[in-house]
Amino acid sequence: MSSLVFVYGTLKRGARNHRVMAGQEFVGAARTAPGFRLFALDGFPGMVPWPDDRDGVTGEVWRVDALALQRLDAFEGLAEGLYRREAIPLLAPFAEANVEAYLYARDISGRAEIGSTWQD
Ligand code: PCA
């Protein structure tokens, strides 16, 4: 059983925590549909739904196996309520695909907005 996951931050290729993706399959570069924004947290980004957004967020789609998904959930602090994993809409060629992403689950008030793309 595998899943498609959109990564937009430190899990991307060349980024700081990319090793967590080891052994998984890069599917392609992707952008979310409008309606999401990135905020700078403590050295990593958080993506949140943002109805006024027109640009979406850039990232990568990966196919991950069930064990890797568990590893990612632990890494992203799901149990601590840091992020939640949720299906999100992407633009073509992934518009019809069921793809999940880690949305920041805590309060972003006071955090700086960092546009559409995270650079490590
Ligand atoms: N890692 C996850 C969420 C934010 C982060 O730094 C990612 O790259 O998608």
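Being a predicted model, the structure only gives us computed values, none of them experimental.

**Observations regarding the overall build of the chain**
Step number 1: From N to C terminus, the chain includes one helix and seven strands.
Step number 2: In the chain, the order of α-helices and β-strands from amino to carboxyl end is β-β-β-β-β-α-β-β.
Step number 3: Here the C-alpha radius of gyration of the chain, 13 Å, is about what a compact globule of 120 residues would show, namely 14 Å.
Step number 4: Projected onto its principal axes, the C-alpha positions of the chain cover 35 × 30 × 25 Å.
Step number 5: Across the 120 residues in the chain, those meeting the buried criterion constitute 47%.
Step number 6: For the chain, restricting intrachain contacts to residue pairs at least 6 apart in sequence, the fraction spanning at least 24 positions comes to 70%.

**What about the nonpolar core?**
Side chains of nonpolar character tend, in soluble globular proteins, to be buried together.
Step number 1: In terms of nonpolar packing, the biggest core is built from 33 residues, with Phe6, Met47, Val61, Val64, Ile88 and Leu90 touching the most fellow members.
Step number 2: Among the elements of the structure, strand S1 (2-7), strand S3 (36-40), strand S4 (45-49), strand S5 (58-65), helix H1 (66-75) and strand S7 (99-104) are those that each provide at least two residues to this core.
Step number 3: No other element matches S7, which puts five residues into this core.

**With respect to the layout of surface pockets**
Step number 1: Put simply, the largest pocket is a space of about 190 Å³.
Step number 2: Lining the largest pocket are 15 residues, and of these Thr10, Leu11, Pro45, Glu76 and Tyr83 sit closest to its centre.
Step number 3: Of the residues in the lining of the largest pocket, the class split is 10 nonpolar, three polar and two charged.

About the thresholds
Residues numbered from 1 in each chain as written. Predicted model: local features only at pLDDT ≥ 70, side-chain atom pairs only at ≥ 80, totals over all residues. Heavy atoms only, no water. Helix = DSSP H or I, 4+ residues; strand = E, 2+ residues; numbered from the N terminus. Rg over C-alpha atoms; globule rule 2.2 N^0.38 Å. Buried < 20%, exposed > 50% of the residue type's maximum accessible area, 1.4 Å probe, protein only. Contact = heavy atoms within 4.5 Å. Core = buried A, V, L, I, M, F, W, Y, C linked by side-chain atoms within 4.5 Å. 1 Å grid on protein atoms, 1.4 Å probe; cavity = no way out; pocket = protein on both sides within 12 Å on 5 of 7 lines; lining within 4 Å. Points joined across faces, edges and corners; volume = space filled by probe spheres on them. Nonpolar A, V, L, I, M, F, W, Y, C, P; charged D, E, K, R; others polar.

Shape is all these values report; function is a separate question.
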